[in-house]
Amino acid sequence: MKAIVNGALVTPREVLYGKTILFGETVEGIADSAAPLPADVETVDARGGFVLPGFIDLHVHGGGGYDFLDGDPGAIDAILRLHAAHGTTALFATTLTCPDAVLFAGVERLAAAIGRGSPADGSALLGIHLEGPWLSPSNVGAQAVAGERTPTACELDRLLALSAGTIARIDAAPELSSGIDLLSAFASEHGILLSVAHSAANAETTLAAYEKGFTHITHLYCSTTTEHKEGQTVHAGIVEAAYLNDGITVELIGDGKHIPRETMLLCFKIKGAEKVALVTDAMRAAGTDDRTSILGEKTTGTPVLVEDGVAKLRDRSSFAGSVATMDVCFKTALRYGVPLPDAARSCALTPAEIAGVADKRGSLDVGKVADVLIFDSDFNLQSVFIKGKRIR
Ligand SMILES: [Zn+2]
């Protein structure tokens, strides 16, 4: 068993001083610092820093030079190790719109990786996240969406079989001309989170989609809509729908590039940290010094630039994902003025709740997996423990 001493414990509600956290593979207890420690405990000194639960990233495509769709043996584990070293102890592996053969092979490989389990020094793989291909051609961002493509029973069944039931989240545009009711029934039957993404929907369509199970919004403000005119009628957009309906959860790309300070603060003010998850939406160049990269699978993806700390399409018409890791997202939120417990909640407990794993992860409550981070007093990540084992 280990005990972290001399650190302030960050809970989803407050910062606790004068406490020691005790853990093996799971959290064993929170003790008063003045109380004597059990004899066989290994002490870890947090040196006056902060102790947080491991971060959970609901939207991540790659990192360390790899994309989750790459066929190279070792690609998936390399991404999991890169993000774990930056504080992400669990994640969804995100795919994007790509040729069917690439998607199907990628889903099959990810399912196998989930089956065999993550390396001991890598993030846990909570499931597969399909970002597309059923997106709006008029709000594609950097996704390679040529025309409208709608879900069919045949391809959903194929994906379900290839994934061996490991698809945890599907992102789609709810205004597509067909297939949304089918997708809704499929997601409900298989316990899959549905999210509005890369969509030109107005608020009415978004709120109707919520009733069909679309409870989450993918990277709010990025390839979403706000108030706009359709013909001679003014409509509210996805952003207003997300603010109006308390049941809707949202995610913000926390890299400090996609979302300005005032927008992030407004979102936290209206939704509260309980409904806002910070995500990286990281692409393969995260954790590298690469100046050029590829968005998506390496042989069929889109060539992109990396400059000013963000990936961009080569004509600079759109961002093409972030190169951030979760420690950066956390620090960005703090720099913007989000209170410490809220920033920590949005990186850990809120995404755990959205992913349906809050019974085991997302906070340092007794009995949960001992995924623990230590930050120094300037919020630089110092140590990472996964299931109680130090990996950084
Ligand atoms: Zn994405």
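Numbers given for residues are sequential positions, taken from 1 along each chain in its written order. Given that this is a predicted model, residues contribute local features only at a pLDDT of at least 70 and side-chain atom pairs are listed and counted only at 80 or more, while totals for whole chains, interfaces and linings are drawn from all residues. Excluding hydrogens and water, the side-chain values take into account all heavy atoms of the structure.

The coordination sphere of the zinc ion contains the protein donors H59 (NE2), H61 (NE2), E131 (OE) and D281 (OD), at a distance range of 2.0 to 2.3 Å. With water omitted from the atoms examined, metal sites may look incomplete; donors here are N, O and S atoms no farther than 2.8 Å from the metal, or 3.2 Å in the case of Na, K and Ca. When four donors show all angles between 85 and 135 degrees the site is tetrahedral, when four or six donors have opposite pairs over 155 degrees and all other angles between 65 and 115 it is square planar or octahedral respectively, and in every other case it is irregular. Coordination at the zinc ion is irregular, judged from the 4 donor atoms that bind it and the angles of 83 to 172° they form at the metal. We note that the donor set of the zinc ion lies within a single chain, spaced as H-x1-H-x69-E-x149-D. Taken together, the residues span a long stretch of sequence, with H61 in the loop between β8 (55-60) and β9 (62-63) and D281 in the loop between β19 (276-279) and β20 (292-295) at a distance of 220 residues. Residue H61 is classed as buried on the basis of its relative accessible area, which comes to 4%. Buried means the residue's accessible area, taken with a 1.4 Å probe over protein chains only, is under 20% of the maximum for its type, while exposed means over 50%, and partly exposed covers the values in between. Since its relative accessible area comes to 7%, D281 is described here as buried. Helix and strand labels come from DSSP, where a helix needs a run of H or I of at least four residues and a strand needs a run of E of at least two; each type is numbered from the N terminus.

So, about the sheet that holds strand β22 (residues 310-313). Each pair of strands is called paired provided DSSP finds at least two bridges between the two strands. Taking strand neighbours across the sheet as the criterion, the 4 strands line up as β20-β21-β22-β23 in an open arrangement whose pairing is antiparallel. The sheet is open, and its two borders are formed by β20 and β23 (319-322), each paired with just one other strand. Strand-to-strand twist of the sheet, defined as the mean angle between neighbouring strand axes without regard to direction, takes the value 40°. Note that β20 and strand β21 (residues 302-307) share 4 bridges and pair antiparallel. Bridging across to β21, S293 finds its partner in V304. Axes here refer to lines fitted to C-alpha atoms; in helices the fit is confined to the stretch in contact. Angles between the N-to-C directions go from 0 to 180 degrees.

Going from G132 to P133, the amide bond is cis rather than trans, its omega being 15°. Inspection of the secondary structure assignment puts P133 in the loop between β12 (124-131) and α3 (153-163). For Y221, which is not glycine, the phi torsion reads 80° and is therefore positive. Along the chain, Y221 turns up in the loop between β15 (214-217) and β16 (228-230).

Purely geometric stuff here, so don't read any function into it on its own.
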